Amino acid sequence: MSFRHGLPHLGFGLGLRPQHYAAVLDGAPPRVDWFEAISENYMVPGGRPLAMLARVRERWPVALHGVGLSIGSTEPLNDEYLDALETLIRRIEPSWISDHLCFTGAGGHNTHDLLPLPYTEEALDHVVSRIVRVQERLGRRLLIENPSSYVSWPESTLGEAAFLAALAERADCLLLLDVNNVYVSAFNHGFDADAYIAALPAGRIAQIHLAGHRDLGTHIIDTHDRAVIDPVFALYGRTVERIGPVSTMIERDDDIPPLGELVAELDRVRAVGGAVKTVKGRAA
Amino acid sequence: MSALGIAQERFVRRVLGGSGEAPDLRDPVHAAPGTGLGIYVEAYALRLLEALRNDFPGLLRLVGAQDFERLGRAYIAAHPSRHFNLRWYAKDFAEFLRRQEPWRARAALADLAAFEWAEGEAFDAADAATLDAAALAAVPAEAWSGLRLDFHPSLRRIDVATDVAGWIAASEADPGAPPPAPDAAAWIFWRRDLAILRRRVDEAEAAALALAMSGRGFGDICECLARMLGEAEAPMRAAGLLRVWLDAGLIVGLRET
């Protein structure tokens, strides 16, 4: 299957959170097709986190989503990080692994945040070379996610979507499209969200993220602490209409509700993301 | 350094609360100047504070939210994060509280932090299959003196000066429980299956464990116990401790040397 470069359509998933271990594992299986696990939460020697993840993996496909690769950093690639990630990959055999277009630190310090890069040719060359090296080391393509951001760099010569498109082609990597991040950054930086998504190479978008955010009037913060809002659902619907069905999941990282509430929200995602235009509909 | 590297360093220095030349950044189009960078600056501190709150819920209860934020922010200022994984950010927190004014005057703070960090380390230490008492039967008599013990990777041993265990139990029932009273003791923490266990150990067991965990042989442990308890009691106690450690799932290997 050339579309999505051989990666499967896993359906509709949720972020795996420790608060939900019991609900996921001990009762009737929830209506969740797959789970995404935050890589760093399981890059530990052993114990309960890995035991729970292994149990989930026995029953569901799992994708690993990183926040600490720092692919855009000008510091050397972190071997300790990559060793730990490789160990986790061997244990879990994930469907794929992803991380963000960002850097997380400099000067030996880590901000634990996803700091945006200037979108210049220099940065593009730099990130492409690092993705290529990581992919060679891990023996698989990475999915790179568009970040949400609250600043931009005046020296940028490319838009973020054009940067990602060039990056994906040159590094031969895939994309994780965070529709909420597009919505957040489009508001913050004043670009058109639909045009952004249209500028991405559709065939390389292998996963979609959805999440809630906090609108402060003058800017939006990507908080992942509430439900996905209607305009993001609408943008997601237009995205799927444009690029076809894509494995999609909801991220919830704060004010985490009971699993059932997220499953109900996922049902709505399933309804939007699973609806495909018929031939008749297209002709019309 | 490349232009990209310089830009990244300037950005990160500011996010960590430092000064120096500001990065040239554009704010959200509708927001006031400085809003964008301010979001990252505050998010850094909030993220680390949240990590500390998650790792030290007892300490948070003991000092209250306001003081916890004060000591947390002091730690953050003194210890900028250097590891990619927040899991390890607080590894120096207990030591910081033990050394730093004004908190060093309250030994219970560092004790409780050490207690909770040890529990956390036991929580996700490496897995290992434990031995049971039957393993002792295979040890030839002549090998006992040099016998070394491999402990479960989750085993942690700490010394505290206050009764933090008593306080934890009391404060769970009564949030207004008086702070931990002085009570010097050694404690061990370990994981069995997925449960985290802790136990107070007496002076002799603490000394024997310290030797055994540092790789000394069973003969050295017996000599240590003989000095502490007398020649008559030492052999029985040494054999008893070995049995207790095996029963508790603390031992994962026996090495004859």
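Values in this document were obtained by computation on a predicted structure and should not be read as measured data.

As for the overall build of chain B
Scanning chain B for helices and strands turns up 9 helices and 5 strands. Here the C-alpha atoms of chain B give a radius of gyration of 24 Å, more than 25% beyond the 18 Å that 2.2 N^0.38 yields for 257 residues. Reported as C-alpha extents along the three principal axes, the dimensions of chain B are approximately 80 × 50 × 30 Å. Looking at chain B residue by residue over its 257 residues, the buried ones come to 35%. When contacts within chain B are restricted to residue pairs at least 6 apart in sequence, long-range pairs at least 24 apart make up 61% of them.

A closer look at the overall build of chain A
Counting its secondary structure elements, chain A contains 10 helices and 12 strands. For 284 residues, the compact-globule estimate of 2.2 N^0.38 gives 19 Å, and chain A sits close to it at 18 Å. For the C-alpha atoms alone, the extent of chain A along its principal axes is close to 55 × 50 × 40 Å. Sorting the 284 residues of chain A into buried and exposed places 52% on the buried side. A sequence separation of at least 24 residues applies to 77% of the contacts in chain A between residues at least 6 apart.

Brief notes about unusual backbone geometry
Cis geometry is found at the peptide bond from Glu101(B) to Pro102(B), where omega equals 0°. Position of Pro102(B) among the secondary structure elements: in the loop between α4 (93-99) and α5 (107-124). The phi torsion at His112(A) lies on the positive side, around 55°, for a residue other than glycine. Take His112(A): it is sitting in strand β6 (residues 109-115). A residue is classified by how many C-beta atoms lie within 10 Å of it, and His112(A), with 21 of them, is buried. Even without being a glycine, Asp193(B) presents a positive backbone phi close to 50°. Tracing the chain through its elements places Asp193(B) in the loop between β3 (182-192) and β4 (195-201).

Brief notes about the domain arrangement of chain B
All names here are of chain B. The assigned domain composition of chain B is domain 1 (1-105) and domain 2 (111-257). On a C-alpha basis, the centres of domain 1 and domain 2 stand 36 Å from each other. Facing 11 residues of domain 1, the contacting portion of domain 2 comprises 10 residues. Per-element accounting of the side of domain 1 that touches domain 2 gives the leading share, 4 residues, to helix α3 (residues 57-78). When grouped by side-chain class, the residues that make up the side of domain 1 that touches domain 2 number 7 nonpolar, 1 polar and 3 charged.

So, the sheet that holds strand β4 (residues 97-100) of chain A
Within a sheet, neighbouring strands are paired by backbone hydrogen bonds and run either parallel or antiparallel to one another. All names here are of chain A. Spatial strand order, β1-β2-β3-β4-β7-β8-β9-β12: 8 strands in a closed barrel with parallel pairing. In this sheet, neighbouring strand axes are inclined to one another by 30° on average, regardless of whether the strands run parallel or antiparallel. Judged from the 4 bridges that link them, β4 and strand β7 (residues 142-145) form a sheet pairing that is parallel. Bridging across to β7, His100 finds its partner in Glu145.

What to know about the interface of chain B and chain A
Buried accessible area, meaning the area lost when the parts come together, often serves as the stated size of an interface. Chain B puts 44 residues into the contact, and the matching count from chain A is 40 residues. Elements supplying a minimum of two residues to the side of chain B that touches chain A: α1 (3-15), α2 (35-55) and α5 of chain B. It is α1(B) that provides the largest number of residues to the side of chain B that touches chain A, a total of 10 residues. Its residues assigned to classes, the side of chain B that touches chain A comprises 24 nonpolar, 9 polar and 11 charged.

How each quantity is defined
Residues numbered from 1 in each chain as written. Chains lettered and ligands numbered in written order. Predicted model: local features only at pLDDT ≥ 70, side-chain atom pairs only at ≥ 80, totals over all residues. Helix = DSSP H or I, 4+ residues; strand = E, 2+ residues; numbered from the N terminus. Rg over C-alpha atoms; globule rule 2.2 N^0.38 Å. Buried ≥ 20, exposed ≤ 12 C-beta atoms within 10 Å, placed from the backbone. Contact = placed C-beta atoms within 7 Å. Domains from an automatic or database assignment. Nonpolar A, V, L, I, M, F, W, Y, C, P; charged D, E, K, R; others polar. Pairing = 2+ DSSP bridges. Axes fitted to C-alpha atoms, helices over the stretch in contact; angles between N-to-C directions.

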